[in-house]
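Residue strings, one per chain:
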Amino acid sequence: MSPAVRLAGAHYPVAVIGGGQAGLSVSHCLRERGVEHIVVEAHRVGHEWRARRWDSFCLVTPNWQCRLPGHPYQGDDPDGFMVRDEIVRYLEEYVAFSRPPLVEGVTVTGLRRASHGVFELSTSHGEFTADQVVVATGPYHTPAVPRMAERLPAPVVQVHSSGYRRPDRLPPGAVLVVGSGQSGCQIAEDLHLAGRQVHLAVGGAPRVARFYRGRDCVAWLDDMGHYAKPIDAFDDAGAVRMRVNHYVTGRDGGRDIDLRAFARDGMRLHGRLTGIDGGRLEFADDLKANLDHADAVAEGIKDAIDTHIAAHGITAPEEPRYVPVWEPSEQPSTLDLTAAGITSVVWSTGFRRDHRWIEVPAFDGRGYPMHWRGASSVPGLYFLGLPWQYSWGSGRFEAVGRDAEFLAGHIDASRRLADVCGTLTGAPAELAAALPIG
């Protein structure tokens, strides 16, 4: 913690919890408005990228989509994909640029609201208070590992994707990767390219082509307004927020992740892992359906791009459509760990949110924050950096800045309202009408 910053016993107009891209973005926007605040980070800036990403990790979105407020990507490879250490450096450069009032190495352990409306925060370095609070800790708090993991034989090494680093950190032998979202597919590829025998339990995650008709698909979709489409434009907003991301990679300049090609080249694909009975694994009979679904989503995105090109008279090269290079034959529903030579398991099964430290009634029955564009149902409490908080890019470098700008405006407006009324009585009228009730 910076010795120049007093925390215990202090009071701040705004407290920002979390010093990642979300917290740093809203700090910049608040500073531009002259709003006094503090940013509290449990570790140090870039910790999530340093400590919970594997060695070959890189962004799946091109560098030009890195648009933190006032500090867009300025390197010489806008169409490339930053690797882990470059991402950390980008955040460190942002700190040097924006000079946030940041304290590192301080964990917030409790958040309450006193009867007079002020928020009370307990931390590893004492307690302080704030008129308004932005929770910018993201959604990836606790690694989610299914209870069935407890049934694996003791000699089998188990690691969550957040703890995976590189192939030679796992013991010799075959590796089972459970989960085919972005992390699972990229880790399976990392192991496969290193010559390891990989077994992949494939779920229902969709995929997207890296390039189509002469451009990165992300560039096409950006032009089409896909990433700016607000969550309230969807009829099934709740379901949209729970969708998993399309798998693709930025590795080596970017390419598709084609699980069928991996299978053709020796990777063993299975359906969803449904059970473990000692040394026997049990899988659902859904591999073909999952592969077909992923391909259908990718081809559907190409259909949309074709329509956009035709509608706007854009000149773009023609490109043949994807043809599957492998089809699953009859798949056994069980697999013997010993016979398959599997010595380690990588659980690419996502994360759980952990907001137990927030003792404020701002959550629905599923434990999800009740909010509209990040402004919660509790006056003065905000969330930032959630997936699909308002658009696809809300939790990412692409659009977290837009969300931060929006919240900073309302925080400033609420502060001004409090100055007039003597207390923070609620969100501005145009925002309050949209907030959830409960």
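Summary of the structure given here.

What counts as what
- Residues numbered from 1 in each chain as written.
- Predicted model: local features only at pLDDT ≥ 70, side-chain atom pairs only at ≥ 80, totals over all residues.
- Heavy atoms only, no water.
- Helix = DSSP H or I, 4+ residues; strand = E, 2+ residues; numbered from the N terminus.
- Expected span 1.5 Å × (residues − 1).
- Buried < 20%, exposed > 50% of the residue type's maximum accessible area, 1.4 Å probe, protein only.
- Contact = heavy atoms within 4.5 Å.
- Phe/Tyr/Trp six-rings, centres within 6.5 Å; stacked < 30°, edge-to-face > 60°.
- Lys NZ or Arg CZ within 6 Å of the ring centre and 35° of its normal.
- Polar contact = N/O pair within 3.5 Å; in protein donor to acceptor, adjacent residues only side chain to side chain.

### Looking at helix H8 (residues 287–311)
Residues three or four positions apart in an α-helix share a direction because the helix packs 3.6 residues into each turn. Helix length check: H8 (25 residues) gives 36 Å between terminal C-alpha atoms against 36 Å at 1.5 Å per residue, within 8%. For H8, every residue scored as buried is listed here: Leu287, Asn290, Leu291, Ala294, Asp295, Ala298, Glu299, Ile301, Lys302, Ile305, His308 and Ile309. Elements in contact with the buried residues of H8: strand S13 (211–212), helix H5 (217–223), helix H7 (259–264) and strand S15 (268–270). Among the residues trailing H8, Gly313 stands out with phi positive, at a value near 60°.

### Some thoughts on the packing of aromatic side chains
Throughout the structure, instances matching the rule amount to eleven aromatic pairs. Note on Trp49 and Phe397: the rings are 5.7 Å apart at their centroids and 20° apart in plane angle, and the pair reads as stacked. Linking Trp49 in helix H2 (residues 47–51) with Phe397 in the loop between strand S23 (381–383) and helix H10 (400–421), this pair joins segments that are 348 residues apart in sequence. Across the pair, Phe397 and Trp49 agree in class, each one buried. You can call Phe397 buried: its relative accessible area is 6%. Arg53 extends its terminal NZ or CZ atom over the ring of Trp49, reaching a point 4.5 Å from the ring centre. Stacked on the ring of Tyr390, the Lys or Arg Arg373 has its end atom at 3.7 Å from the ring centre.

### Side note on the environment of Tyr164
Within the secondary structure, Tyr164 is located in the loop between strand S10 (157–160) and strand S11 (174–178). Exposure remark for Tyr164: the relative accessible area of 1% places this residue in the buried category. With 112 residues separating them along the chain, Tyr164 and Arg52 place their C-alpha atoms 7.9 Å apart. Among the polar contacts listed, one links the side chain of Tyr164 to the side chain of Asp190, at a separation of 2.7 Å.

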